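Chain residues, written in single-letter form:
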Amino acid sequence: RCVFASPLAPDGPQVVVAQALVDTGAADCELREGLVRRLGPLPMVAKGLLYETVAGRVTHDSFEVLLMVEGRSCVAAATVSSEERFDPDSEDPCTDEAIIGFAALAAMRWAVDCTTRCVRPRCEVF
């Protein structure tokens, strides 16, 4: 379970994602467009960044989000996954409402436990 909020209004609207994908090959996080809209304004980190994806090189704008997982929090860079990608007939369909990248995991001191398919506090793993 993870919670996203705008760093401009940390006590404002929040989005709860029951199960996010942890992607240790991704630096940034990704959040579904419909969920981003519910957060209100987000600070832009960069415009038109080039990302290498399974579908090839694509450009995305990157935003700052406040991310909370099990009592730990950080500010993370996140891109927006368009609603069209959630259509099963999409050229590159997506089913993950949120993706957590390695930079956010490291900032919150989480480690991936592959045997249990979850994250653990880094101090418990190492």
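Reading the values: rules and limits
Residues numbered from 1 in each chain as written. Predicted model: local features only at pLDDT ≥ 70, side-chain atom pairs only at ≥ 80, totals over all residues. Heavy atoms only, no water. Helix = DSSP H or I, 4+ residues; strand = E, 2+ residues; numbered from the N terminus. Rg over C-alpha atoms; globule rule 2.2 N^0.38 Å. Buried < 20%, exposed > 50% of the residue type's maximum accessible area, 1.4 Å probe, protein only. Contact = heavy atoms within 4.5 Å. Areas by Shrake-Rupley, 256 points an atom, 1.4 Å probe, with all protein chains shown as cover. Salt bridge = Lys/Arg side-chain N within 4 Å of Asp/Glu carboxyl O. Core = buried A, V, L, I, M, F, W, Y, C linked by side-chain atoms within 4.5 Å. Phe/Tyr/Trp six-rings, centres within 6.5 Å; stacked < 30°, edge-to-face > 60°. Lys NZ or Arg CZ within 6 Å of the ring centre and 35° of its normal. Pairing = 2+ DSSP bridges.

**Regarding the overall build of the protein**
Moving on, step 1. Within the protein, the regular secondary structure consists of 3 helices and 10 strands.
Moving on, step 2. Helices and strands in the protein line up, N terminus first, as β-β-β-β-α-β-β-β-β-α-β-β-α.
Moving on, step 3. Relative to its length of 126 residues, the protein is compact, with a C-alpha radius of gyration of 14 Å against a globular reference of 14 Å.
Moving on, step 4. On the principal axes, the C-alpha backbone points of the protein span a range of 40 × 35 × 25 Å.
Moving on, step 5. Out of the 126 residues in the protein, the part that is buried amounts to 35%.
Moving on, step 6. Long-range pairs, those at least 24 residues apart, make up 53% of the contacts in the protein with a sequence separation of at least 6.
Moving on, step 7. A total of about 7600 Å² of accessible surface is found on the protein, and carbon and sulfur atoms cover 52% of it.

**What to know about the pattern of salt bridges**
When the charged atoms of two side chains with opposite charge come close together, those side chains can pair.
Moving on, step 1. Counted according to the given criterion, the structure contains 7 salt bridges.
Moving on, step 2. When the shortest N-O distance is used, the salt bridge between Glu33 and Arg37 registers 3.9 Å. Taken together, the residues Glu33 and Arg37, both in helix H1 (residues 33–39) and 4 residues apart, mark about one turn of the helix.
Moving on, step 3. Two residues, Arg57 and Glu52, come together in a salt bridge whose shortest N-O distance is 3.0 Å. The pair Arg57 / Glu52 is uniform in exposure class, with both members exposed.
Moving on, step 4. Within the structure, one salt-bridge network assembled from shared partners comprises Arg32, Glu83 and Glu97.

**What to know about the nonpolar core**
Moving on, step 1. One finds Phe4, Val17, Leu31, Leu67, Ile100 and Ala104 to be the most contacted residues of the largest nonpolar core, which totals 23 residues.
Moving on, step 2. Contributing elements (two or more residues each) for this core: strand E1 (2–5), strand E2 (14–17), strand E4 (29–32), H1, strand E6 (56–69), strand E7 (72–81), strand E8 (98–101) and helix H2 (102–107).
Moving on, step 3. Per-element accounting of this core gives the leading share, 4 residues, to E6.
Moving on, step 4. Setting aside chain neighbours within four positions, we find Phe4 in contact with Pro13, Gln14, Val15, Val17, Leu31, Leu39, Val65, Leu66, Leu67, Ala98 and Ile100.

**Side note on unusual backbone geometry**
Moving on, step 1. In the Ramachandran plot, Glu70 falls in the positive-phi region, its phi being about 50° despite a non-glycine side chain.
Moving on, step 2. Within the fold, Glu70 resides in the loop between E6 and E7.
Moving on, step 3. One non-glycine residue, Arg117, lies in positive phi territory at about 55°.
Moving on, step 4. One can find Arg117 in the loop between strand E9 (110–113) and strand E10 (118–121).
Moving on, step 5. For Arg117, a relative accessible area of 78% corresponds to the exposed category.

**Comments concerning the packing of aromatic side chains**
Moving on, step 1. Overall, the coordinates contain 0 aromatic pairs when judged by the stated rule.
Moving on, step 2. For Arg32, the ring lying beneath its charged end belongs to Phe86, and the centroid distance is 3.8 Å.
Moving on, step 3. In this arrangement the basic side chain of Arg72 is found over the ring face of Trp110, its NZ or CZ atom lying 4.7 Å from the centre.

**Describing the pairing of E1**
Moving on, step 1. The alternating pattern of E1 places Cys2 and Phe4 and Val3 and Ala5 on opposite faces, both of which are buried.
Moving on, step 2. As judged from the 4 bridges shared by E1 and E2, these two strands associate in the antiparallel manner. Residue pairing for E2: Phe4 is matched across the bridge by Val15.
Moving on, step 3. With 3 bridges joining them, E1 and E6 adopt antiparallel strand pairing. Following the sheet pairing, Ala5 is matched in E6 by Leu66.

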